[in-house]
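Reading the structure
Chain residues, written in single-letter form:
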Amino acid sequence: MPLACASFCLTFAVSPRNVRPGALVCLKATAVESQRFLLNLSASFSSTINNKKDIKKRGSMGISSNTEKSAVKENTARNQVVEIQTIRDDPARLKAMTVRELRTVMRSAGIPAKGCKNDLVSTLKNFLTNENDGQSSVVREEHGTSMIKSVCSETVSSKQKRNNSYDEDQKQNVNAVSEISGIKRRGKAPSVGTGVEVKKKRVMTKQKLSVKVDAVAGKKPSRASRQSLQICNEDDGTIDKVDVSINSSEPWTVLTHKKPQQGWIPYNPRTMRPPPLTDDTEFVKILSWNVNGLRALLKLEAFSALQLAQKENFDVLCLQETKLQEKDVEKVRQCLLDGYENSFWTCSVSKLGYSGTAIISRIKPLSVRYGLGISDHDSEGRLVTVEFDKFYLISGYVPNSGEGLRRLTYRVTQWDPSLSNYMKELEKSKPVILTGDLNCAHQEIDIFNPAGNRRSAGFTDEERESFERNFLSEGFVDTFRRQHPGVVGYTYWGYRHGGRLKNIGWRLDYFLVSESIADKVHDSYILPDVAGSDHCPIGLILKL
């Protein structure tokens, strides 16, 4: 966000951890009769002599055992390539394959072979689809055998090309970042000048993860998390250790859901976002983030508001759950980066250090409103509205129904209808955009464990029906779901049990827009790689 109170180094996640597969070997010693032992020993000795003779004989014929092994491996690899090609031509074959056959084919191609049959089929389908598109979201396992090296030589070559391309992109990123002007930093001033217009380009950067912290809780993985690395094979009941380093850097690229439906795929912002708009296209880029305490976020050594602003180059930033008090606002305003002079804050007065929302903008709005204009709803600082030339923008933090669902009735019978009426009133003059933490996972695709959370705040039938009735049925469009109808993408992960590391989450954050401007949405996206809160930022690019 556009704040520069601290010059922190940005690290968004965790380096892949090398966990190598292990096997349990059970050795049983039994007594053997001495006579039988001598006979076996004699037979073994005789067999050894014969083997040595065979080796010498093959050596005299110019045949090497290593060559034979290499030939067998190459033949096996060739057969597996043929098998994958057969599956690609006839996808229906997947359902007929056994778990063992699926794992054999997947491991030979360097694809993680984890989970039940449905998981394996889904992963293999996703792999084949991405291979056809030329972009595989599955990070392949690295094998040291000559078989994989020979089969995947083309893949290695393409990876080298991508690495070279990445190096060039990094150089371009540095140049692009140097164009961003007027940004305050503590201590040394930026070398770039002020007053330079920022080019509206999406800068792609490679994110790294820190090995020392859990992606969610800022601590080492729990014992339960480590135990989850052991997977029971359905074939024979044995236990395998899974190399979680394959997906630990980008866990959101793996489909994690208790009840996945056919056709669902995981959200991957690297492959699912559309190309950037051209420089001659007029658009606005809005970011929204529940920061779960702004002051705590700014104190994190792994977070840099400066680098986030440089990377995303947003025009407007909406914040929720700032947990600021009114006495803190002016101090925060003084820390804003140059270019984001327009900021509007509302704080809870009924409970200090609670809730709170804000809008920070490059663009000066025509007007600003705080709350709904209803005293019963406006004491917790949950709503800021700004008016721009072509739309209204609302940063909202919808009340959570709370422990024991104590505020459920208030939420669905008072707050939701009041917010809906407020938005419909604004819509009479121009389109409306509502963004923020709406505290509702609307459909089963929006939550990892739907069956286990039927009476949990945020996924009760009452909240979901209220969301549908008061917003979607009133003509407001869930932009992410319209753009990605069968995609599983979460925006919130609980701190318990390493939810973010395992991608066990909820989609609670939204951009809802008036139907009249829904077709102008170029991209509605999630930034799951940005840590620092139990929520991640979401973004909207709207053509004007």
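Scoring rules and cut-offs
Positions within a chain are numbered from 1, following the residues in the order the chain's sequence is written. For this predicted model, a pLDDT threshold of at least 70 governs which residues receive local features, and a threshold of 80 or more governs which side-chain atom pairs are given and counted, while totals over whole chains, interfaces and linings are taken from all residues. The side-chain values count all of the structure's non-hydrogen atoms but skip hydrogen atoms and water molecules. UniProt positions are given in the numbering used here, feature names are shortened, and annotations may be inferred rather than shown by experiment. Per the convention used, a helix needs a DSSP run of H or I reaching at least four residues, while a strand needs a run of E reaching at least two, with both numbered from the N terminus. The cut-offs for exposure are 20% and 50% of the maximum accessible area for each residue type, with area from a 1.4 Å probe on protein chains only; residues under the lower value are buried, those over the upper are exposed, and the others partly exposed. What makes two residues a contact is simply this: any of their non-hydrogen atoms within 4.5 Å. Within 3.5 Å is the distance limit for a polar contact, defined as a pair of N or O atoms, with the added protein rule that one can donate a hydrogen and the other accept it, and that residues adjacent in sequence qualify only through two side-chain atoms. For every element, the axis is a line fit to its C-alpha atoms; helices are fit only across the contacting stretch, and the angle between N-to-C directions ranges from 0 to 180 degrees. Roughly parallel here means an angle under 35 degrees, roughly antiparallel means over 145, roughly perpendicular means 65 to 115, and every remaining angle is called oblique. Should the near helix be turned anticlockwise from the far one by less than a right angle, the crossing is termed left-handed; should it be turned clockwise, right-handed. Each pair of aromatic rings taken from Phe, Tyr and Trp, with Trp reduced to its six-membered ring, is defined by centres within 6.5 Å and is described as stacked if the planes are under 30 degrees apart, edge-to-face if over 60, and tilted in the remaining cases. Geometrically, a charge over a ring is one whose NZ (Lys) or CZ (Arg) sits within 6 Å of the ring centre while staying within 35 degrees of the ring normal. Residues enter a nonpolar core if they are buried and are Ala, Val, Leu, Ile, Met, Phe, Trp, Tyr or Cys, with the set joined through side-chain atoms within 4.5 Å. Any carboxyl oxygen of Asp or Glu that lies within 4 Å of a side-chain nitrogen of Lys or Arg is treated as forming a salt bridge with it.

Okay, the UniProt feature "site: Transition state stabilizer" (unreviewed entry) in the chain next. Here, the residues flagged by UniProt with the feature "site: Transition state stabilizer" (unreviewed entry) are Asn439. Within the fold, asparagine 439 resides in the loop between β11 (432–437) and α14 (461–472). The class for asparagine 439 is buried, based on a relative accessible area of 6%. Filtering out sequence-adjacent residues up to four positions away, asparagine 439 remains in contact with Tyr397, Val398, Pro399, Asn400, Arg411, Gly458, Glu463 and Leu508. Only 3.4 Å separates the side chain of asparagine 439 from the side chain of asparagine 400, close enough to count as a polar contact.

Okay, the packing of helix α13 (residues 408–427) against α14 next. Interhelical geometry of α13 versus α14 gives an angle of 15° and a closest axis separation of 9 Å. Looking at the two axes, α13 sits roughly parallel to α14. As α13 runs across α14, the sense of the crossing is right-handed. Taking contact as the criterion, the partners of Leu408, Arg411, Val412, Asp416, Pro417, Leu419, Ser420 and Met423 in α13 are, on α14, Glu462, Glu463, Ser466, Arg469, Asn470 and Phe471.

With that out of the way, let us pick up the packing of aromatic side chains. As enumerated under the stated definition, the model contains five aromatic pairs in all. The interplanar angle of 55° and the centroid separation of 5.9 Å between the aromatic rings of phenylalanine 467 and phenylalanine 471 together place this pair among those described as tilted. Of this pair, phenylalanine 467 and phenylalanine 471 both sit in helix α14, four residues apart, which is roughly one turn of the helix. For phenylalanine 471, a relative accessible area of 3% corresponds to the buried category. Taken together, Phe467, Phe471 and Tyr510 form an aromatic cluster joined through their ring pairs. Between arginine 273 and the ring centre of tyrosine 525, over which it is positioned, the NZ or CZ distance is 3.5 Å.

Among the nonpolar cores identified, the biggest contains 63 residues, and Ile286, Trp345, Leu393 and Ile433 are the most heavily contacted of them. Element by element, the count of residues in this core is highest for strand β4 (residues 283–290), at five residues. Counting 20 residues, the second-largest nonpolar core is a separate cluster that includes Met423, Leu438, Phe476 and Tyr510.

This brings us to the UniProt feature "active site" (unreviewed entry) in the chain. In the numbering used here, UniProt assigns the "active site" (unreviewed entry) feature to Tyr397, Asp437 and His535. A compact arrangement is adopted by the annotated residues: their sequence extent is 139 residues, whereas the largest C-alpha distance between any two is 12.6 Å. The topology assignment puts tyrosine 397 in strand β10 (residues 392–397). Once residues within four sequence positions are removed from consideration, tyrosine 397 is found in contact with Asn290, Gln320, Glu321, Ser355, Thr357, Arg382, Trp415, Asp437 and Asn439. Side chain to side chain, tyrosine 397 and glutamate 321 meet in a polar contact 3.3 Å long.

Another aspect to go through is the pattern of salt bridges. Under the definition given, this model contains 23 salt bridges. The salt bridge involving lysine 285 is made with glutamate 312; its shortest N-O contact spans 3.5 Å. Here the residue lysine 285 occupies a position in strand β4, and glutamate 312 occupies one in helix α11 (residues 305–312), the gap between them amounting to 27 residues. Just as lysine 285 is buried, glutamate 312 falls in that class too. In this structure, the salt-bridge partner of glutamate 380 is arginine 382, at a minimum N-O distance of 2.6 Å. Under the relative-accessibility criterion, glutamate 380 is labelled buried at 14%. When its relative accessible area of 3% is taken as the criterion, arginine 382 is described as buried. Several salt bridges converge on common partners, so that one network encompasses Asp446, Asp478, Arg481 and Arg507.

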